[in-house]
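Here is what each chain is made of, one letter per residue.
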Amino acid sequence: MHHERYPDRSDRAQPPASAGPDTAALRLPPAVSRLPRDWQILSDLAFSDLVLWLPSINTRDATGKPDQADFVAAAQARPFTAQTTLIRDLIGSAPRTGLQPLLMQVLRTGIPVNGSEQLQGSAALGVTVWPVVDGDEVLAVLSVHKNLARQRHSSRLEQAYHRSAQDLLMMISRGLWPEPDQRHGPSLSDLRVGDGMIRLDAQGLVNFISPNAVSGLRKLGIRQPLEGRQLSRVVTDYLPPRGHTDHLLPSVLYGVSTETTEIETRKVSLSIRSIPLRDRHRERYAAVLLIRDVTELRHRDRQLIGKDATIKEIHHRVKNNLQTVGSLLRMQSRRMTSPEAKHELLLAMGRVDTIARVHETLSQSVDRRIDMDELLSQQFTMAVDIANTGRDIHTEISTAFGQLSSELATPLALIVNELATNAVEHGLDSELGGTVWFRAYYSTQIPENLPGTELTSRPVEHLIVEIEDSGRPGRPGYQGTRGPDRPEHTSATSAGGLGTQIIRTLVASDLHGTISWQLATPGGRGTLARVSIPVE
């Protein structure tokens, strides 16, 4: 028995990457791309809209500084803490006439400027423009837009927000934030300014704490005022002595490192992120901490993990039960004296083992998608081995399905099992053997020989499963789609047996696809079975 695996030969077209207008023009340098991933915090602290402008320098002066440049809006952020001032989506557009000189000035000098912008039918906007710097080079320009008509007497919370926003903007203009080695993940984007904010000084003492942050820490049992006290020492004193503590927690609570960590007790889970504030010499002089109560989220996470474990255990037990059924069928077949009855029991045992293998695969998967290439290739190889009776049978496998929904696993595995068994038992010579090919790939063209299908103006992607045999010497292969309706063909594949009924039921009812049998090559002796399944 010879088995060969071939590399992916699929001609499946890759889907285009999603992008905004004029993707090539909006491609951001790495040092600039860090800012839009993390600037929602800045937008919320400043109560302002943010627009990132990417320059296209046309000419430079004698000193090498930009003399003329065009700008395009590469990214935009709106605050959660205030009403937006820029209703229109600006991404891909050029700046208004009044804003262009400010952007050009900052690009040339690298120095922030203040200005104003008049929107039609609206009050004037206060605009500050900041350089986005990497080293000594201005790579982009950031504009901060705020409605001046909504300004009023600021509360202490608003003053702390504004002060922290100015600190972050100064760090951006010096190339200090976001930090290059800062990690970006779901835990960062989940933390919002409105969830809770704490401002620390250089010694880790609390200068300001928002009401939501107070509420979060009270769930740990901390009820005394925190302003003027060292946050890391207070929080550590309230943690359970034998509980698990993240090694990053002290540095985050002290405001030293740019990290996100969690405090977990039996009753509460708090997510905390630290943003150190640094001066032009990179010395830390303060820090902003964001805090969020994620108790309910972690509770749901644990429930999902428990459900996943339960589902995996169910698949494992179903697999064990099916293996027991297969063993009983095997024992029963050994007691049979009729070759026909023994053969039918062995076929039933193979079908049961096929479903058991699917459940074994699902018991090892943590999501609802599995490697279909590996599963179907193993099933094809096993089916050929079981159906073989000592002949020299060569197999060739070429698959390109990749990860597919686990809902397709059982019907596809059973179809491959039945088609491979039919190919070996009825398609190859009983003594000489031959070759069986298994191919699985995607196709956006509906095969012309499939019955009941028509080409449409919009191609539909299909999963294609093909099993082909080399046939028997001196006997033509089978061609047809409805065996019982075509009596001139006598292939066992078309005889309407249980295997064929299983295949047609699975293809039509479970997968809503089509199946056909045809000559492998015109005038040849082999048979090609093709299954086509539309991808939803």
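Residues numbered from 1 in each chain as written. Predicted model: local features only at pLDDT ≥ 70, side-chain atom pairs only at ≥ 80, totals over all residues. Heavy atoms only, no water.

*Asks:* Even after reading the chapter, I still don't get the overall build of the protein, so can you show me in this structure?
*Replies:* The secondary structure content of the protein amounts to 13 helices and 18 strands. Per-residue burial over the protein gives 46% buried out of 536 residues. Counted over contacts in the protein with a minimum sequence separation of 6, partners at least 24 positions apart contribute 64%. Here the protein displays about 27,800 Å² of accessible surface, and carbon together with sulfur accounts for 50% of that area. (Helix = DSSP H or I, 4+ residues; strand = E, 2+ residues; numbered from the N terminus. Buried < 20%, exposed > 50% of the residue type's maximum accessible area, 1.4 Å probe, protein only. Contact = heavy atoms within 4.5 Å. Areas by Shrake-Rupley, 256 points an atom, 1.4 Å probe, with all protein chains shown as cover.)

*Asks:* Please clarify how the nonpolar core should be interpreted in this entry.
*Replies:* As a rule of thumb, soluble globular proteins bury nonpolar side chains together. By size, the foremost hydrophobic cluster in this structure holds 42 residues, and its most contacted members are M372, F380, F401, L419, F438 and I467. At ten residues, helix 12 (residues 409–427) tops the list of elements feeding residues into this core. Not counting residues within four places of it along the chain, the set of residues in contact with F401 comprises M372, D373, L376, A440, Y441, Y442, L463, I464 and V465. A46, L52, V132 and L176 belong to the second-largest nonpolar core, a separate cluster that totals 40 residues. (Core = buried A, V, L, I, M, F, W, Y, C linked by side-chain atoms within 4.5 Å.)

*Asks:* Explanation requested: the environment of A286 in the structure shown.
*Replies:* Within the secondary structure, A286 is located in strand 11 (residues 284–293). What makes A286 buried here is its relative accessible area of 3%. If we skip the residues at most four places from it in the chain, A286 touches R199, L200, D201, A202, P276 and L277.

*Asks:* What exactly am I supposed to notice about the sheet that holds strand 7 (residues 197–201) here?
*Replies:* What holds strands together in a sheet is hydrogen bonding between their backbones, with the strands either parallel or antiparallel. Spatial strand order, 8-7-11-10-9: five strands in an open sheet with antiparallel pairing. The open sheet has two free edges, formed respectively by strand 8 (206–209) and strand 9 (260–264), since each of these has just one partner strand. Looking at each pair of strands side by side, their axes are set apart by 25 degrees on average, direction ignored. Across five bridges, strand 9 lies against strand 10 (residues 269–278) in antiparallel orientation. Pairing of T260 across the sheet is with R273, part of strand 10. (Pairing = 2+ DSSP bridges. Axes fitted to C-alpha atoms, helices over the stretch in contact; angles between N-to-C directions.)

*Asks:* Explain the pattern of salt bridges here, please?
*Replies:* Pairing between side chains of opposite charge can happen when their charged atoms approach one another. The full count for this structure, using the stated rule, is 14 salt bridges. Between E262 and R298 there is a salt bridge, with its nearest N and O atoms 2.3 Å apart. Here the residue E262 occupies a position in strand 9, and R298 occupies one in helix 9 (residues 295–334), the gap between them amounting to 36 residues. Owing to a relative accessible area of 22%, E262 belongs among the partly exposed residues under this scheme. Ionic pairing is found between E466 and R530, a salt bridge with its closest N-O pair at 2.6 Å. Remark: R530 occurs in strand 18 (residues 527–534) and E466 occurs in strand 16 (residues 462–469); sequence separation between them is 64 residues. Residue classification places E466 among the buried positions, given a relative accessible area of 4%. Salt bridges linked by common partners bring R439, E466, E468 and R530 together as one network. (Salt bridge = Lys/Arg side-chain N within 4 Å of Asp/Glu carboxyl O.)

*Asks:* Explanation requested: the packing of aromatic side chains in the structure shown.
*Replies:* The geometry of an aromatic ring pair is captured by the separation of the ring centres together with the interplanar angle, meaning the angle of the planes. This structure, assessed with the given rule, holds three aromatic pairs. With a centroid separation of 5.6 Å and 25 degrees between ring planes, the pair formed by F47 and Y161 is classed as stacked. Linking F47 in the loop between helix 2 (40–46) and strand 2 (49–60) with Y161 in helix 4 (residues 156–173), this pair joins segments that are 114 residues apart in sequence. Residues F47 and Y161 agree in their burial class; the two are buried. For the pair F380 and F438, a centre-to-centre distance of 5.2 Å together with 25 degrees between the ring planes defines the contact as stacked. (Phe/Tyr/Trp six-rings, centres within 6.5 Å; stacked < 30°, edge-to-face > 60°.)

*Asks:* What should I look at first to understand the pairing of strand 13 (residues 393–399) in this one?
*Replies:* One face of the sheet, then the other: side chains in a regular strand alternate in exactly this way. Extensive coverage of strand 13 is indicated by the burial of six of its seven residues. Where strand 13 lies against strand 15 (residues 434–443), seven bridges are found, and the strand directions are parallel. When the bridges of strand 15 are listed, I397 appears paired with F438.

*Asks:* Please explain helix 11 (residues 372–387) as it appears in this structure.
*Replies:* Because an α-helix packs 3.6 residues into every turn, residues spaced three or four apart end up facing the same way. Taking 1.5 Å of rise per residue, the 16 residues of helix 11 would be expected to cover 22 Å, and the 22 Å separating its terminal C-alpha atoms lies within 8% of that figure. Summarising burial for helix 11: twelve of the 16 residues are buried, a large majority. The N-capping residue of helix 11, defined by a side-chain oxygen 3.2 Å from the backbone nitrogen of D373, is D371. (Expected span 1.5 Å × (residues − 1). Polar contact = N/O pair within 3.5 Å; in protein donor to acceptor, adjacent residues only side chain to side chain.)

*Asks:* Quick question: what am I supposed to make of the side chain of E466 here?
*Replies:* At 2.6 Å, the side chain of E466 forms a polar contact with the side chain of R530. Setting aside residues no more than four positions away along its own chain, E466 makes contact with W437, F438, R439, Y441, L528, A529 and R530.

*Asks:* Teacher, can you tell me more about unusual backbone geometry here?
*Replies:* With the exception of glycine, most residues fall at negative phi, and the peptide bonds are largely trans. Note that the residue after W177, namely P178, is joined by a cis bond; omega there is -10 degrees. Within the element layout of this structure, P178 appears in the loop between helix 4 and helix 5 (186–190).

*Asks:* Please clarify how the packing of helix 11 against helix 12 should be interpreted in this entry.
*Replies:* For the pair helix 11 and helix 12, interaxial distance at closest approach is 8 Å and the crossing angle is 30 degrees. Classified by the angle their axes make, helix 11 and helix 12 are roughly parallel. Considering the relative orientation of helix 11 and helix 12, their crossing is right-handed. Contacts between helix 11 and helix 12 involve M372, L375, L376, Q379, F380, A383, V384 and A387 on the former and, on the latter, A409, L412, A413, V416, N417, A420, T421, V424 and E425. (Parallel < 35°, antiparallel > 145°, perpendicular 65-115°, else oblique. Left-handed = near helix turned anticlockwise from the far one by under 90°.)

*Asks:* How should I be thinking about the packing of helix 9 against helix 10 (residues 339–363) in this particular structure?
*Replies:* Any two packed helices are characterised by how steeply their axes cross, that is the angle between the axes, and by the distance between the axes. Two elements in contact, helix 9 and helix 10, have axes separated by 8 Å at closest approach and are oriented at 165 degrees. Accordingly, the angle class assigned to the pair helix 9 and helix 10 is roughly antiparallel. Pair helix 9 / helix 10 crosses with left-handed handedness. When the residues that make up the contact of helix 9 with helix 10 are grouped by side-chain class, the tally is twelve nonpolar, eight polar and six charged. (Nonpolar A, V, L, I, M, F, W, Y, C, P; charged D, E, K, R; others polar.)

*Asks:* Got a minute to help me understand the pairing of strand 11 in this structure?
*Replies:* Note: strand 7 against strand 11, five bridges, orientation antiparallel. By the bridge assignment for strand 11, D201 is matched with A286. Summarising the sheet, strand 10 and strand 11 pair through nine bridges and their orientation is antiparallel. The residue bridging I275 from the neighbouring strand is V288, located in strand 11. Hairpin connection from strand 10 to strand 11: five residues lie between these consecutive antiparallel strands, with R282 at a positive phi of about 65 degrees.

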